Amino acid sequence: MPSAEVLSWVRTRFMPHIWCPGCGHGIIMHSLIRALISLKKERANTVVASGIGCSSRMAGYINACTLHSTHGRSLAFATGIKLHRPELTVVDVMGDGDCTAIGGNHFIHACRRNIDITAIVMNNNIYGMTGGQASPTTPIGSWASTTPYGAIDPAFDICKLAEGAGASYVARTTIANPRQAEMYITNGIKKKGFSVIEVVTHCHTQFGRKNNRRLPIENYNFFKEASVPLAKAQTMSPEELSGRIVCGEFVNKDVPEYTEQYQKHVIDKVRG
Ligand SMILES: Cc1ncc(C[n+]2csc(CCOP(=O)(O)OP(=O)(O)O)c2C)c(N)n1
Ligand code: SF4
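Heads up: these notes are all about the structure in this document. Throughout, residues of each chain are indexed from 1 in the direction in which the sequence is written. Chains carry letters and ligands carry numbers; both start at the beginning, A for chains and 1 for ligands, and go up in the order they are written. The model is predicted, so local features are restricted to residues of pLDDT at least 70 and side-chain atom pairs to those at 80 or more, both for listing and for counting; the totals for chains, interfaces and linings are taken over all residues. As a rule here, side-chain values cover all heavy atoms of the structure and leave hydrogens and water aside.

Section: the packing of helix H2 (residues 25–38) against helix H8 (residues 178–190)
To get an axis, a line is fitted to the C-alpha atoms, and for a helix only the part in contact is used. The angle between two axes follows their N-to-C directions and goes from 0 to 180 degrees. Segments assigned H or I by DSSP are reported as helices when at least four residues long, segments assigned E as strands when at least two residues long, and all are numbered from the N terminus. Interhelical geometry of H2 versus H8 gives an angle of 50 degrees and a closest axis separation of 8 Å. When the axis of H2 is compared with that of H8, the two are oblique. Note that H2 runs across H8; the crossing there is right-handed. The residues of H8 that touch H2, namely those facing Ile-27, Ser-31, Leu-32, Arg-34, Ala-35, Leu-36 and Ser-38, are Pro-178, Arg-179, Ala-181, Glu-182, Ile-185, Thr-186 and Ile-189. We call Asp, Glu, Lys and Arg charged. Ala, Val, Leu, Ile, Met, Phe, Trp, Tyr, Cys and Pro are nonpolar, and the rest, Gly among them, are polar. Of the residues belonging to the contact of H2 with H8, the class tally is eight nonpolar, three polar and three charged. Between 65 and 115 degrees an angle is taken as roughly perpendicular, under 35 as roughly parallel, over 145 as roughly antiparallel, and anywhere else as oblique. The sense of a crossing depends on the near helix, which, turned anticlockwise from the far helix by less than a right angle, makes the crossing left-handed and, turned clockwise, makes it right-handed. We call two residues in contact whenever any of their non-hydrogen atoms come within 4.5 Å of each other.

What to know about the packing of helix H6 (residues 104–113) against helix H7 (residues 158–165)
In contact at an axis separation of 7 Å, H6 and H7 are set at 45 degrees when each is read in the N-to-C sense. On the basis of the axis angle, H6 is oblique to H7. Counted together, Phe-107, Ile-108, Cys-111 and Arg-112 of H6 and Ile-158, Leu-161, Ala-162 and Ala-165 of H7 form the full contact between these two elements. Looking at side-chain class alone, the contact of H6 with H7 contains seven nonpolar, no polar and one charged residues.

Things to note about the pairing of strand E1 (residues 46–50)
Categorising residues by exposure relies on relative accessible area from a 1.4 Å probe, with only protein chains included: less than 20% of the type maximum marks a residue as buried, more than 50% marks it as exposed, and the intermediate range marks it as partly exposed. Burial analysis of E1 places five of its five residues in the buried class, the great majority of the element. What you see with E1 is no split at all: Thr-46, Val-48 and Ser-50 on one side and Val-47 and Ala-49 on the other are buried throughout. A pair of strands is labelled paired if DSSP reports no fewer than 2 bridges between them. Bridging between E1 and strand E2 (residues 65–68) involves four bridges; their strand directions are parallel. If you follow Ser-50 over to E2, its bridge partner there is His-68.

Structural notes on the site of ligand 1
Being near a molecule or strand, for a residue, comes down to having at least one heavy atom within 4 Å of it. Around ligand 1, the surrounding shell holds 17 residues, and the nearest of these are Cys-54, Ser-55, Gly-97, Asp-98 and Gly-128. Pairs of N or O atoms within 3.5 Å make up the polar contacts considered here, provided that, within protein, one atom can donate a hydrogen while the other can accept it, and that residues adjacent in sequence are counted only when both atoms are side-chain atoms. The separation between an oxygen atom of ligand 1 and a polar main-chain atom of Cys-54 is 2.8 Å. Measuring from an oxygen atom of ligand 1, one finds a backbone N or O atom of Ile-126 at 3.1 Å. Relative to its unbound accessible area of 590 Å², ligand 1 is 74% covered by the protein chains. Only the protein chains shown count as covering a residue, and every accessible area follows the Shrake-Rupley method with a 1.4 Å probe.

So, the nonpolar core
Nonpolar cores were defined as sets of buried Ala, Val, Leu, Ile, Met, Phe, Trp, Tyr and Cys residues, with membership established by side-chain atoms within 4.5 Å. Met-29, Leu-32, Ile-33, Met-58, Ile-62, Val-93 and Ile-120 are the most contacted members of the largest nonpolar core, which has 36 residues in total. No other element matches H2, which puts seven residues into this core. In contact with Ile-33, other than residues within four places in its own chain, are Val-6, Trp-9, Val-10 and Ile-62.

Looking at the side chain of Thr-174
On the secondary structure map, Thr-174 appears in strand E7 (residues 169–174). What makes Thr-174 buried here is its relative accessible area of 2%. Within the structure, the side chain of Thr-174 is placed 3.0 Å from the backbone nitrogen of Ala-176, a separation counted as a polar contact. Excluding anything up to four places from it in sequence, Thr-174 contacts Val-199, Val-200, Phe-223, Ser-227, Ile-245 and Cys-247.

Quick look at the structure:
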């Protein structure tokens, strides 16, 4: 049973939620709430934005200032909010489809601008909400409703994508390590700049069912066994790393942040 403090961040009037029993998205929501509590954030100054998808339902369930926007476009809305009210804490919760398919362009440009928003990408390797179509993170050879012979497209590495596009904080963990998720989300919110925390999770209903991981616990055990800490991964060969999930902080750097640059180079100049 969550503590009263955690529950104060949950819109209990929206319960029961729509998530399938055992879906990993709830674990990530708990990690996010714990991070917000540990940072002593206030609900009135905390914005949680989302697009559309099972993962994106999270914005509706969190008792803060929330925005459930359009599929793939939540970073555009979040950018507008942050530019207008830079003092707010802005978190954007996204699915892998939302973030890297229809929203891929918004994602890379938010990384490039380095705007102070924390993006939590819930990567379950599939479009969960709409029936299990392959997404840009579906691994080669996996079955999805749109890949009846196995996926042939190479998958995106979300962390490498974020790093290459310029995000100032990039980390990955899985739902099998919720404390690490909480720590990375905390670090991401604290970072002045665009932060990306990829949390590898499962959709047992749409992905697991077709790929020999039908039960939530099978996915959880798979993540535990497949995870490799970054320091160890750096000593392993590409063959040894095949199929493994490298977890750790990949980027943590201080570079100019967009709302500060906008204030200094645009607003201050316009006002003289
Ligand atoms: C513009 C637009 N295109 C397509 C859809 C249909 N749609 C809704 S959710 C979704 C995919 C969700 O997958 P993901 O973002 O990975 O989240 P998940 O459900 O797996 O958590 C799609 C294609 C939509 N709502 N709006
Ligand atoms: S369909 Fe998949 S992603 Fe959506 S709630 Fe069910 S298990 Fe979770």
